[in-house]
Amino acid sequence: MELNGAQIVIQSLKDEGVEYIFGYPGGAVLHLYDAIFQQDDVKHILVRHEQGATHAADGYARSTGKPGVVLVTSGPGATNAVTGIATAYMDSIPMVVISGQVPSAVIGSDAFQEVDMVGITRPCVKHNFLVKDVTKIAETIKKAFYVATSGRPGPVVIDIPKDITAPDVKVSYSYPKKVEMRSYHPATTGNKGQIKKAIELLLTAQRPVIYSGGGVVLGEGSQELIELAHLLGFPVTQTLMGLGAFPSTDKQFIGMLGMHGTYEANMTMHESDLILAIGARFDDRVTGKLDLFCPYAKIIHVDIDPASISKTVKVGVPIVGEVKLVIRQLIDGLKEAKYKIDKKAAESWWQQVNQWRSIQCLEFDRNSRAIKPQFVIEQMYEVTHGDAFVTSDVGQHQMWAAQYYPFDKPRRWINSGGLGTMGFGLPAAIGVKLAHPDADVACVTGDASIQMCIQELSTALQYKTPIKIINLNNNYLGMVRQWQEFSYESRYSHSYMETIPDFVKLAEAYGHVGIRIDKPEDVRPALEKAFAMKDRTVFLDILTDRTENVYPMIETGKSHHDMKLRVAIGTTTDRELS
Amino acid sequence: MRHVIAILIENEAGALSRVAGLFSARGYNIESLTVAPTEDASLSRMTLVTRGSEDVVEQIIKQLNKLIDVVKLIDLEETVHIERELMLVKIKTVDKMRDELRSVVDIFRGKIIDVTPTSYVIEMTGTSDKLDAFIATVDKNSIIEVVRSGATGISRGEKGLHL
């Protein structure tokens, strides 16, 4: 088959099984857009800003496990995509971004809309390519998808100069069935010796805990994790990125850990003698002060990326491999060793854990006349029967969504954990809804975050992606305000916007339904009404308690057992129960 | 501690900047870096000299291995190895010191490869320490220019870094 460069790009995407391209046209990609126009297999979603394209592709990828695909033009199109690429990179999300480039002959001449995309994205991609020859397009695309989706996933950029996609140069096309790269061999199963060492530790632990992260979601290891956890009977805590891989409603689940983790999760970590870390990377938001991190624990660390192991916290038993396969090896090894739960040790450990749990650190004032943001999330959980896909932006609302919406399935909780990108939630929700047209998709956001990619409301209308925007409007940059309250003697420097738009009118201007809620008793009916409107995007502007804070909180430089708790329930910050 | 890392990397545009960029982005230090194609034109070999604690060097090696273009690498510090660096030095000469300088060059097994009535260019190879020692013996004010290649290294014995 003889095709030109632009046709090869689109045909390759089709052969790769791509359903959607999220993009925005421009000079350097006009040939590609012409090729898109002449086919119907790969659908193009026109966003309103390239950042939105990357986040929408990201939401699609996180909710399906399939790579998200983005197409942007050179120069500003490419630089606008960088925030979204970095977002995907930090959270290891498979994504292929095709950027147009100025024609080969003028590269380096500061041509119109020229930017060194390969150079700019180098530190925030898993890999990137500059295609210099039309005959190399198909192979490069195959490699890009292979690299993006295998091993520790991540975004891959393919920069294509305009002349490479020119309509008049035709070459023979066939899409490679598979690709070998001599320099890239992702790990598979774990080293048997290491597995054996891990099992010995698991057999003798007295105060163990499983700490699982986003890697279990990305590596499709949820079923195996559940099986392993039930076999071991250990308490399970999850990172912000890991939520849903182990069911939050399971009695072994003790909540999220880290800066805004539960009291019981952080105390369990702090007092444990063995941590089984799976697909988690000991991020600073999880560990708190490193010197004081889990002083009594031996650590087993399972991760696909060797560079994640002993990066911040030295571990005793590293196991490099796919989480799904390694957990299976651990289960088999335990069964072989005739593992039985040490009832006496387990009973006394669980008694301790349950004592921490009994503090009910997530309790809040339910009689308040102001709308509590936590209450909104709880109500949303009930209205959606805990089965919605929930995207979020970044800030207090993100933490409340993570704390008060117990996810029972992986890939349901979609947020920017690593980079912390405000503006992520709305475009991500559009990507999720396209992939799951029959599911409830909610974007939990705040009055500041939502304004960072608000233009995508227009995309939501064009492609009929009826999502529900839950705007926890406190008229503050809430998380910034909280830090200023705690660490800067309440000097609220620029964490308040004097003017915010009338979100109801704004939603209506974009062709959607807008509803404002300012009384607690109106929250439930409004949510029910919104989720019942299956074919409309609804913007719920919920005026919440302006001074509410996220608790518990481990402040910078503190450790897991040193949490700030909500004073209202009469707990102190330095409670030591053991 | 000082580590000499030998890297086989795809001989492609931008491969060098991936390595250099990694070091600057993660705050690792590069003492020297040399790179040239190998007998296999599709591969380049780099020798990178860095300093850091054992933990840092372990991370450096893992991060380098993670680069898609890196085919293979070894930390030469972990094997018995040989290091050599090439240096060219241009020295201002006056008649009475030319003989003395020649004998110092002989002692260091260097070569004088360019001569003018007022200057020598000296070629010297050796370990980086030896080159430092030569520079220390020469009058600082007489040095016009020093060019050093940075260290390259290879392990002793039959084993080697290849595909």
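Residues numbered from 1 in each chain as written. Chains lettered and ligands numbered in written order. Predicted model: local features only at pLDDT ≥ 70, side-chain atom pairs only at ≥ 80, totals over all residues. Heavy atoms only, no water.

*Asks:* Where do I start with the overall build of chain B in this structure?
*Replies:* A count of helical and extended segments in chain B gives 4 helices and 9 strands. Taken from N to C terminus, the helices and strands of chain B fall in the order β-α-β-β-α-β-β-α-β-β-α-β-β. Each of the three principal axes of chain B carries a C-alpha extent, and together these read 55 × 35 × 30 Å. Relative to its full complement of 163 residues, chain B shows a buried share of 42%. In chain B, of all internal contacts separated by at least 6 residues, the share reaching a separation of at least 24 is 73%. Counting only carbon and sulfur atoms, one obtains 54% of the accessible surface of chain B, whose full area is about 8900 Å². (Helix = DSSP H or I, 4+ residues; strand = E, 2+ residues; numbered from the N terminus. Buried < 20%, exposed > 50% of the residue type's maximum accessible area, 1.4 Å probe, protein only. Contact = heavy atoms within 4.5 Å. Areas by Shrake-Rupley, 256 points an atom, 1.4 Å probe, with all protein chains shown as cover.)

*Asks:* Help me out: how do you make sense of the state of the cysteines in this one?
*Replies:* Put plainly, a disulfide is one covalent bond tying together the sulfur atoms of two cysteines. All names here are of chain A. A complete count under the given rule lists 0 disulfides over all chains for this structure. Free of any disulfide, Cys-124 has its nearest neighbouring cysteine sulfur in Cys-453, separated by 16 Å. For the unlinked cysteine Cys-443, the closest cysteine sulfur is that of Cys-453, found at 10 Å. Overall, the relative accessible area of 0% leaves Cys-443 in the buried class. (Disulfide = S-S within 2.5 Å.)

*Asks:* Looking at this structure, how should I read the confidence of the model for chain B?
*Replies:* When pLDDT is low, close inspection of the predicted coordinates is not appropriate. For chain B, the average pLDDT comes to 95, and 100% of its residues sit at 70 or higher. Two summary scores accompany this predicted model of the complex, namely pTM at 0.96 and ipTM at 0.92. (pLDDT = per-residue confidence, 0-100.)

*Asks:* Looking at this structure, I do not really get the sheet that holds strand β13 (residues 298-303) of chain A. What am I missing?
*Replies:* The pairing of strands in a sheet happens through backbone hydrogen bonds and is either parallel or antiparallel. Residues and elements named next belong to chain A. If you trace the 6 strands from one edge of the open sheet to the other, you get β11-β10-β9-β12-β13-β14, paired in parallel fashion. At either end of the open sheet lies a strand with only one pairing partner, and these are β11 (253-256) and β14 (317-320). If you compare each strand with its neighbour and ignore which way they point, the axes differ by 15° on average. Where strand β9 (residues 208-212) lies against strand β10 (residues 236-238), 3 bridges are found, and the strand directions are parallel. Paired with Ile-210 across the bridge in β10 is Val-236. (Pairing = 2+ DSSP bridges. Axes fitted to C-alpha atoms, helices over the stretch in contact; angles between N-to-C directions.)

*Asks:* Can you walk me through the pairing of strand β3 (residues 43-51) of chain B in this structure?
*Replies:* Within a regular strand, the side chains alternate between the two sheet faces. All names here are of chain B. Of all 9 residues that make up β3, 7 are buried, and the element is covered over most of its length. Bridge analysis of strand β1 (residues 2-10) against β3 gives 9 bridges, and the strand direction is antiparallel. If you follow Ile-9 over to β3, its bridge partner there is Ser-44. Strand direction decides the pairing type here: strand β2 (residues 29-37) and β3, joined by 8 bridges, are antiparallel. Looking at the pairing, Ala-36 lines up with Arg-45 of β3. Counting the residues in the hairpin turn of β2 and β3 gives 5 residues.

*Asks:* Sorry if this is basic, but what is going on with the interface of chain B and chain A here?
*Replies:* Reports often express the size of an interface as the amount of accessible area lost when the parts come together. Facing 20 residues of chain B, the contacting portion of chain A comprises 19 residues. Inspection of the region where chain B meets chain A yields 5 salt bridges. Of the charged contacts in the structure, one is a salt bridge between Arg-182 of chain A and Asp-40 of chain B, with a shortest N-O distance of 4.0 Å. At the junction of chain B and chain A, the tally comes to 11 residue pairs in polar contact (both at pLDDT 80 or more). Those elements giving two or more residues to the side of chain B that touches chain A turn out to be α1 (15-25), α2 (54-66) and β4 (70-75) of chain B. The greatest single-element share of the side of chain B that touches chain A, amounting to 6 residues, is contributed by α2 of chain B. Its residues assigned to classes, the side of chain B that touches chain A shows 6 nonpolar, 5 polar and 9 charged. (Salt bridge = Lys/Arg side-chain N within 4 Å of Asp/Glu carboxyl O. Polar contact = N/O pair within 3.5 Å; in protein donor to acceptor, adjacent residues only side chain to side chain. Nonpolar A, V, L, I, M, F, W, Y, C, P; charged D, E, K, R; others polar.)

*Asks:* Could you clarify how one ought to interpret helix α16 (residues 425-435) of chain A in this entry?
*Replies:* One full turn of an α-helix is made of 3.6 residues, so residues set three or four places apart face in the same direction. A large share of α16 of chain A lies buried, amounting to 10 of its 11 residues. Looking only at α16 of chain A, the buried set comprises Gly-425, Leu-426, Pro-427, Ala-428, Ala-429, Ile-430, Gly-431, Val-432, Lys-433 and Leu-434 of chain A.

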